[in-house]
Structures are given as C-alpha cells and as structure tokens.
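Chain by chain, the residues run as shown.
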Amino acid sequence: TETISVGELAKRMGIKATDLIKSLMKMGMMVTINHALDFDTAVILASEYGYEVENVAVDLDEIHESAPDAPETLIKRPPVVTIMGHVDHGKTSLLDAIREANVIAGEAGGITQHIGAYDVELDGRKITFLDTPGHEAFTAMRARGAKVTDIVILVVAADDGVMPQTREAINHSKAAGVPIIVAINKIDKPDARAERVKQELMEFGLVASEWGGDATMVEVSAKKRLNLEELLEMILLQADVMELKANPDKLAKGTIVEAKLDRGRGPVATVLVQEGTLKTGDFCVVGIHSGRVRAMQNDRGEKVLEAGPSRPVEVIGLSGVPDAGDVFVSLKDEKQAKEIATLRQIKQREAELAKHSKITLEDLYKQI
Ligand code: GDP
Ligand code: MG
C-alpha cells in the first residue's frame, strides 16, 4: 500500500506541517513530519482542508501487463553478451575487432557511436554486445537486481593465463548463473600457450569440450582478427541451447545500460529492450523519471522507430538522467507515467529525509 509523508501532504496542500500535525493530534495521532500516512488518513486530512485526494498509488506491474507471456506469444530473441576478463587481456580490442569486422561487412559508411551497447550480425542473426567491459558494470547492475547478460565471454590472454580478475569474472558469472564462453586471446603472440590456459581453467570447473568437458573455448586474436566468426558462431550455438525468447507484441520493458546529460539533447539513455517493443512516441517511467520517447537511434547513429527484444537503443525525451541498471517501462498513459515518477520521487525524498533528519518528538513539541 502507498503512503505519503506528513510533510509532503502539507506541502502539497500549501499549509504548514505543524498545522497538519496539530490536526493529527486532534485525531489522536502523535506523529512527526516524516511520518508516513496511509491513504485513508491522508484523504480524511485533506478533506478537512477542502481537498479531494485521488489515489495515484497504482501498481506499475498492473499497468504493465506483468502476467507471464503465453508460450505462443514468444519468439526467439538475440543473445545479450558481456565481455569480461583480466586487465590488458584484450576485452576492448576484442569488442572493437568484432564490431569493426561487422561494420565493414554490413552497411557502408556507418559512423559508430558509443552508446554502451551494439549489435552485430552473423548469417542474418543478431548478437547484442554490452560494451561496458569490466566487472563493475556487471556487478553494479546485478546489485540493482538487473539481469541483462545472457552469456559472458571470458577473455584470457594466451601469453598471461588465468589472473586475479579472470577468477573474479568466473565467480561473478557463476553467481549470476550466466554461462561462460572462453575466448583465449592473443594467440598470434609467439609466447602464446593456449593449452596452458585450458589447463589452468580446469581448476574452476571449466573443462574444454575437446578435452571431454562442456566448456566452449575459442582461440582468437583480436589483433590479427583470427577466429572471430567462430566465436560468434559459438555464441549463437549457446543462445540456441538456452532458447532465449521474448514477446515482442506488448509495451516495452528494459534496463538502462548507460545514461548521460547531453548539452544539446538533454537526458540521453541507452535502453536495452528486454520484452515488448519500444516505439517512438511511447510514454515511459525510468526510475524516478518519466518521459516520452522523442527519438531513438542505434549505435551507428541511425534513426530507429522501433526496438524489439534484446535491441539496444539510445533514447531521448526523458525528464532526467536515470542510473545504469534502472528499469525502463513503457506506458500507454502520460498521466500514469508522471504519477508513478512523482510517487517514486516522494518515496526517495522520504527515505533521504528519514536518513538525515534527527527530529524527535520533543523537538516537535518545541516547534509547536
Ligand atoms: P583490456 O584491458 O582487456 O580492454 O585490453 P586491451 O584491449 O586494451 O588490450 C591490451 C593490450 O593488448 C593492447 O596493447 C592491445 O593492443 C593488446 N592486444 C589485444 N588483443 C591482442 C591480440 O590478439 N594480440 C596481440 N598481440 N595483442 C593484443
Ligand atoms: Mg579495456
């Protein structure tokens, strides 16, 4: 059930909080300014001051068709991949190599933009890469309850082997229940020892399939562009095994991958759509912000009108800059979007007030 603080209700009615507290005392309630009033009490109080209270405390999930999707509505969706591994083992190089190889094969003249995610195509099938390598992004998102990654590519340099951050990446992936594909990188180097890497990984239960295990390991070189297509094939194979599906025919739900304030365009956020289809003109709620999708573009800077499941798009039209990991939800109704965002702002403010203010009952009586 939703609540509103005494202070907030007073503010919204344009009266002093102390007056409201006095009214509450007459009702037999001894409360402080941060006390959370339930809806019924708020209505009674407001009516005393000549206001009518509308219950905007709507459950977001109710609006957002949260019922499980019927199997027949589900279609295959592209896998979402995160690259992890020890520093200098070639995460950035691998991401760049995959992307560049794909851009050349794809449409000409596309100027790549950094939006925090991009997709590549192999034999008409798409793969989405989150290009925020490193564990921080992965763990930060997970800490916020966001599950965006389907598959982790663990990059291990063949000339360096398993290192502390390799271990961390394995642990994070396992904790998140995300399957790992190992990319043994830098095999072009004379001192590359791929076999030793495989040996070391056995300690973590990652046994290469050619050694009788079930871990997929691909020997690559980001620098010389070796076996990149094979790596993409393995990702698609893994995706097939996982039977990744989503319903594209409903309002969009997704996660913020990255967001910033752009001088000219205002708040700009990259949304990874996870369910439904995001369309230009949609109303939305993201964290404590609301908005209307004014325009969308992909990582090639091209205008996009729609984005289905697993597609990353940069969105403009939000009222503020959300955090990475925030849930993005499209709504039919602008009023609803604004109300939910306002409610969340109130809650956030209340939580902050409760944290910072040390107001006691005695202080309050002094005030009165
Ligand atoms: P990250 O810290 O994991 O993102 O690693 P980088 O992509 O920045 O790469 C670290 C260094 O390794 C750079 O100097 C790269 O040029 C080099 N490097 C990356 N991949 C390869 C490769 O396949 N072969 C060789 N020889 N060098 C590579
Ligand atoms: Mg890097």
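Residues numbered from 1 in each chain as written. Chains lettered and ligands numbered in written order. Predicted model: local features only at pLDDT ≥ 70, side-chain atom pairs only at ≥ 80, totals over all residues. Heavy atoms only, no water.

A. Spotlight on the pattern of salt bridges. For the structure shown, the criterion picks out 21 salt bridges. Across the salt bridge formed by Asp 119 and Arg 311, the nearest N and O atoms sit 2.9 Å from each other. Taken together, the residues Asp 119 in strand β5 (residues 117-122) and Arg 311 in the loop between β17 (306-307) and β18 (312-318) connect sequence positions 192 residues apart. Between Glu 334 and Lys 338 there is a salt bridge; the shortest N-O distance is 3.7 Å. Of this pair, Glu 334 and Lys 338 are both found in helix α10 (residues 334-356), 4 residues apart, which corresponds to roughly one turn of the helix. Judged by relative accessible area, Glu 334 falls into the partly exposed class, the value being 39%. Among the charged side chains, a salt-bridge network with shared partners connects Arg 99, Asp 119, Asp 299, Arg 300 and Arg 311. (Salt bridge = Lys/Arg side-chain N within 4 Å of Asp/Glu carboxyl O. Helix = DSSP H or I, 4+ residues; strand = E, 2+ residues; numbered from the N terminus. Buried < 20%, exposed > 50% of the residue type's maximum accessible area, 1.4 Å probe, protein only.)

B. Focus on the side chain of Arg 77. Residue placement: Arg 77 occurs in the loop between β3 (75-76) and β4 (80-85). Among the polar contacts made by the side chain of Arg 77, one reaches the side chain of Ser 310 at a distance of 3.1 Å. With sequence-adjacent residues up to four places away left out, Arg 77 is seen in contact with Asp 150, Leu 244, Lys 245, Ala 246, Pro 309 and Ser 310. (Polar contact = N/O pair within 3.5 Å; in protein donor to acceptor, adjacent residues only side chain to side chain. Contact = heavy atoms within 4.5 Å.)

C. Seen up close, the environment of Ala 36. Among the secondary structure elements, Ala 36 is positioned in strand β2 (residues 36-38). The sequence separation of Ala 36 and Lys 347 amounts to 311 residues, and the corresponding C-alpha distance is 9.8 Å. Each residue touching Ala 36, except ones within four places of it in the same chain, is listed here: Thr 3, Ile 4 and Ser 5.

D. View of the site of ligand 1. For ligand 1, the set of nearby residues contains 15 residues, the closest of which are Asp 88, Lys 91, Thr 92, Ser 93 and Asp 188. A distance of 3.2 Å separates an oxygen atom of ligand 1 from a polar side-chain atom of Ser 221. Between ligand 1 and Ala 222 there is a distance of 2.9 Å, counted from an oxygen atom to a backbone nitrogen or oxygen. Here ligand 1, which alone exposes 580 Å², has 72% of that area covered by the protein. For the shell around ligand 1, the class distribution of residues is 2 nonpolar, 7 polar and 6 charged. (Near = heavy atom within 4 Å. Areas by Shrake-Rupley, 256 points an atom, 1.4 Å probe, with all protein chains shown as cover. Nonpolar A, V, L, I, M, F, W, Y, C, P; charged D, E, K, R; others polar.)

E. Quick look at the sheet that holds β5. The mixed open sheet is built from 6 strands, whose spatial order is β5-β6-β4-β7-β8-β9. Every other strand in the sheet has two partners, leaving β5 and β9 (216-219) as the edge strands with one partner each. Across the sheet, the mean angle separating the axes of adjacent strands is 30° when strand polarity is ignored. Here strand β7 (residues 151-157) runs beside strand β8 (residues 180-185); their pairing, made up of 6 bridges, is parallel. Across the sheet, Val 156 pairs through a bridge with Ile 184, a residue of β8. Across the sheet, helix α9 (residues 228-242) is in contact with β4, β5, β6 (125-130), β7, β8 and β9; its angle to β6 comes to roughly 100°. (Pairing = 2+ DSSP bridges. Axes fitted to C-alpha atoms, helices over the stretch in contact; angles between N-to-C directions.)

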